[in-house]
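# Chain and residue survey
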Amino acid sequence: MQAAWSARARMRAGQQAHSAWQDERAAIDDSFRREVTIKHTVVVDEWECTVQGRVDGLSHEGEHVVVEEVKSTALPGDRLAALTLDDVPGYVRQLQLYLWFLAAEGHDPIGRLVLIGLADGFRRVLHVPFDAALGAWLRSQLGWIVGERQRRLAWLHQRRGAAVPFAHDAFRPGQQHLAEEVEQALHSNRHLLLSAPTGYGKTAAVLHAAIKVAWATDRRIFFATARTTQQRMAEEALLAMAERGLPLRAVSIRAREKLCLNEVVACRPDACRFARGYHDKVREGALTERAWHGHPRLTPDEVLTIAEPAEACPFALTLDLVRGADVVVGDYNYVFDPAVRLAELTDTPGEWIVVADEAHNLPERAMGYSSPTIELSLVEQALHALDTDPRYAAIADVAERIAGWLRQGADVAWELGQQDRVSGWREVSLPLADALSRRELAQLAEDVDAVALDYVLLKHERPLFLAGEVDPWLESARGILRLRSALDRAGEETVAIWRARRATRRSARRPRAAQLTMLGPAEDHGPPDVEVALSLLCRDPSGLLSPLLLSLAGSVQMSATLAPSDFFQQMSGLPFDKTVVADFPSPFPPEHRRVLVLPQVSTEYKHRGRDRHATATLVGDVVRAVPGNVAVFCSSFALRDDLLPHLDLGERPVLMQERRMDEAARQGLLDTLQRAEGHVLLGVLGGIFAEGVDLPGDALLAAVIVGPSLPMANLERRLLQQWFQERYQEGFRYAWLVPGMARVVQAAGRVVRTPQDRGAVVLIGQRFLRSQYQDFFPRDWTPIRSKDPVADLAGLWDGDGR
């Protein structure tokens, strides 16, 4: 059952239940001792195995030693009263082990299992018998563990002595040098910032080097990506290496929602047959062993084919496979987000080498992990539902306190904020100390924790929402917990933003009169029907990234656009003596790429209406001059759609990037481009077709880029600029140009992917002539200021068979 209950709150509740029981026992029994460590040593296959545990309570009754094991549970009293030993076999086996250890020392033990309900304090004591045959079971279990360990050591030995083949028949020009640079940095436990042009073959070269180091030092690799499309390149390289003889176990992680086989994503045994009895299914079916047999590289689809016949959760099976994997491929979140970081990385970071692909995305993604938001409208949705059932009254009271706390922000935003013309929000940023009380937020988090178990039990008995529906209370409660977590690690780099605006429709539930926080008439302090949001904005992710990166065995951040390197080093919090910066030039003939700058128009927002028709004319001229597929990347969907009615592309077939495209639609568009039938793709910079896709040969002959893709001008971006200026004296450059020009160079990199390719990059807009923008151009570009793009592109594709 899902709950918005922090781990520390659950631990604290359990500890309190344990302590209360122990205090009572100690008060009535002088022989009672708490937290007694006992252990037993067994030799299995020449391995000395010591099993150790800590008994909650040990006492004496006559000739007997009494062992008491206390377990807290979310079950209510009526369900606890009906439990038998058969219902809690794990608890029984743990206690029987303690009894067996004591019997081996000559004692006559008695076992008592004490079950305590956290919701209502109900207690049930079950007598657990001594099992004299447990020794054989213990040896069997230890034999399995020893066998696993021996197999792992044998596998590491096999890896250690293996040659590491390259994924392809031969290195491309420059690839071997790049791989040597990576290998040298990782062998010295340092962190590499690696820049190399798109099409260089970074993925294959970096994996080759990282695997050589990992195999030699018994380490593991996490290949982290910002997009799913980038994962395929890593998976293909790994499979190619395995087919060339590399001993390898690699698995890719796909999001839980995308792997779910159930009708709805509800990860509870009572709601999902794939979660029900999962561990038994894995053990009895030997699913992890079967998965690795004949599968050196397991993609999510391959995991699905193993999990589905066994009715086992494929996401849970993926996480189990991670434990035995040499290489894991997955999203940034599983490494860098504290909320979802893999336990394997958290527990043993020194065993891991992390490769971050397209690492120009990492700073802003990492800032997002520490920038949570909570909205009043969601809390009010929860209140509306909770008020329908009086049994949820205690939870509704907590929700009302959260809502009241957020309404105070309406007063702040209405009094101090400035109105954003686009969104309509009145918004104000404040230092954390001025924006909110840490004590109040901590108390709200404590209140959420206090009712979490009640909500789980009530939801089980009488749910307010159907399985699979968004639960606004859970989302609201988690929002409070995320705010507290982010605030706990926040420093001066983080500010709070309060927002308020008139509600688009009247709230479904009015606040309770006694708890209204408006300080006066609506005209003085904002309308009573308001939308309110509180966000934390982390403006510098180094505090989050630095401790993690420095705890690893090494890392590689790679991209075609890690410029300027000092920005990415600062955002990662890497010291100079632990950082290596490497920048590789393009290995392709410079005459195969033609870069034109067309400054005849302005793409700045204030000039778009004026230059709309002229811009569309330039795009049409370039498209007609290219004898094959062309991608037109605009700085935004709004600009693309604004130009669309004015575009004259002749008879060329058009492919449109939609705002939301599923994986099948994305792949279908890419397959169409691969057929090289003269299509024109109308997409956006920073989108799914402008980064992380491989379009070699005739799949793409030209990229037309309409304006630099500077981030949207809003309060957050201005606050980032202010921070970067105060901290690094690079406000505009870091806040606007770095992300904006990275998108430009990434999109340009879809063209010319092999030494044989010829292609054009056409930059439309006056800003591309400015030096502050051209500073971000790759050093192998030789831009031509063009008045006649048709003439300047003539001859580029002549004589090459196209």
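Predicted, not measured: the structure shown is a model, and the values here were computed from it.

Rules and cut-offs
As a convention, each chain's residues are numbered from 1 in the sequence order in which they are written. Residues qualify for local features only when their pLDDT is at least 70, as the model is predicted, and side-chain atom pairs are given and counted only at 80 or more; totals for whole chains, interfaces and linings, by contrast, use all residues. Excluding hydrogens and water, the side-chain values take into account all heavy atoms of the structure. A run of H or I in DSSP becomes a helix once it reaches four residues, and a run of E becomes a strand once it reaches two; helices and strands are each numbered from the N terminus. A contact between two residues is defined here by any heavy atoms of the two lying within 4.5 Å. Under the convention used throughout, the expected extent of a helix is 1.5 Å for every residue step, that is, one less than its residue count. Exposed residues in this analysis have more than 50% of their type's maximum accessible area, buried residues have under 20%, and partly exposed residues fall in between, with area computed by a 1.4 Å probe over protein chains only. Two strands qualify as a pair provided that DSSP identifies no fewer than 2 bridges between them. Note on method: axes are straight lines fitted to C-alpha atoms, helices fitted across the in-contact stretch only, with angles between N-to-C directions ranging 0 to 180 degrees. Nonpolar core, defined: a set of buried Ala, Val, Leu, Ile, Met, Phe, Trp, Tyr and Cys residues in which side-chain atoms within 4.5 Å join the residues together. Summary of the metric used: pLDDT quantifies the predictor's per-residue confidence within the range 0 to 100. Pairing of aromatic rings covers Phe, Tyr and Trp, the last counted by its six-membered ring, and requires centre-to-centre distances within 6.5 Å; plane angles under 30 degrees mean stacked, over 60 mean edge-to-face, and any other angle means tilted. By convention in these notes, a salt bridge is any Lys or Arg side-chain nitrogen within 4 Å of a carboxyl oxygen on Asp or Glu.

### What about the environment of Ala237?
Inspection of the secondary structure puts Ala237 in helix H7 (residues 228-243). In the structure, Ala237 is positioned 49 residues away from Ala286 in sequence and 28 Å away in space, judged by C-alpha atoms. Residue contacts for Ala237: discarding those within four places in its chain leaves Ala167, Ala204 and Leu207.

### Focus on H7
An ideal rise of 1.5 Å per residue puts 22 Å on 16 residues; H7 measures up with 23 Å between its terminal C-alpha atoms. For H7, the set of buried residues is Thr229, Gln230, Gln231, Ala234, Glu235, Ala237, Leu238, Ala240, Met241 and Ala242. On its buried face, H7 is in contact with helix H6 (202-217), strand S7 (220-225), strand S8 (250-252), strand S9 (297-298), helix H11 (300-307) and strand S10 (327-331). Downstream of H7 by a residue or two, Gly245 has a phi angle that is positive, lying close to 105°.

### Focus on the sheet that holds strand S22 (residues 680-684)
The parallel open sheet is built from seven strands, whose spatial order is S21-S22-S20-S23-S24-S19-S25. Across the chains shown, the open sheet's two edge strands, defined by having one partner strand only, are strand S21 (654-656) and strand S25 (784-785). Packing of helix H26 (residues 663-674) onto the sheet brings it into contact with S21 and S22, and relative to S21 it is tilted by some 155°.

### Description of the nonpolar core
One finds Phe222, Val251, Phe336, Phe633, Ile705, Phe724 and Leu763 to be the most contacted residues of the largest nonpolar core, which totals 93 residues. In terms of residues, this core owes the most to one element, helix H28 (residues 731-748), which gives nine residues. Look past the residues within four positions of Phe633 in its chain and what remains in contact with it is Leu681, Gly683, Val684, Leu685, Phe689, Ala690, Ala703, Val704, Ile705, Val706 and Ala747. Core analysis: the next-biggest nonpolar cluster, separate from the first, contains 48 residues, Val398, Trp405, Ile480 and Leu481 among them.

### Remarks on the sheet that holds strand S16 (residues 530-538)
If you trace the five strands from one edge of the open sheet to the other, you get S12-S16-S15-S14-S13, paired in antiparallel fashion. In the strand order of this sheet, the two ends are held by strand S12 (373-375) and strand S13 (418-419), each with one partner. Two elements, strand S15 (residues 494-502) and S16, share nine bridges in a ladder whose sense is antiparallel. Residue pairing for S16: Arg499 is matched across the bridge by Ala533. Against the sheet, helix H17 (residues 393-416) contacts S12, S13, strand S14 (426-431), S15 and S16, and its axis sits at roughly 85° relative to S15.

### Observations concerning the pairing of strand S17 (residues 554-559)
Here S17 lies mainly inside the structure; six of its six residues are buried. Of the two faces of S17, the one holding Gly554, Val556 and Met558 and the one holding Ser555, Gln557 and Ser559 are both buried throughout. Relative to S17, strand S6 (residues 191-195) runs parallel, the two sharing five bridges. Each residue of the ladder has a partner; that of Ser195, found in S17, is Ser559.

### Focus: the confidence of the model for the chain
When pLDDT is averaged across the chain, the result is 89; 94% of the residues are at 70 or more. Looking at the elements of the chain, mean pLDDT is at its lowest for helix H21 (residues 522-525), recorded as 39, and at its highest for strand S11 (residues 352-356), recorded as 98. Note that residues 507-527 has pLDDT below 50 and, in this model, 38 contacts with residues that lie over four places away or in other chains.

### Considerations on the packing of aromatic side chains
Scanning all chains against the criterion turns up 15 aromatic pairs. Summarising the aromatic geometry, the rings of Phe567 and Phe568 are spaced 5.0 Å apart at their centres and angled 85° between planes, so their arrangement reads as edge-to-face. Comparing Phe567 with Phe568 shows no difference in burial state: the two are buried. Each ring, one from Phe567 and one from Phe724, has its centre 5.9 Å from the other, and the planes form 80°; the classification is edge-to-face. Placement of the pair is Phe567 in helix H23 (residues 565-572) and Phe724 in helix H27 (residues 715-728), with a sequence separation of 157 residues. Taking the relative accessible area as the measure of exposure, Phe724 reaches 2% and is therefore buried.

### Points about the pattern of salt bridges
Taken as a whole, this structure holds 42 salt bridges when the rule is applied. Between Arg152 and Asp326 there is a salt bridge, with its nearest N and O atoms 3.6 Å apart. You can see Arg152 sitting in helix H4 (residues 134-160) and its partner Asp326 sitting in the loop between helix H12 (314-322) and S10, a full 174 residues away along the chain. Of the two residues, Arg152 and Asp326, neither departs from the other in class, the shared state being buried. Across the pair Arg484 and Asp449 runs a salt bridge, and its minimum N-O distance is 3.6 Å. Taken as a pair, Arg484 in helix H20 (residues 472-488) and Asp449 in helix H19 (residues 438-461) lie far apart in primary sequence, 35 residues in all.

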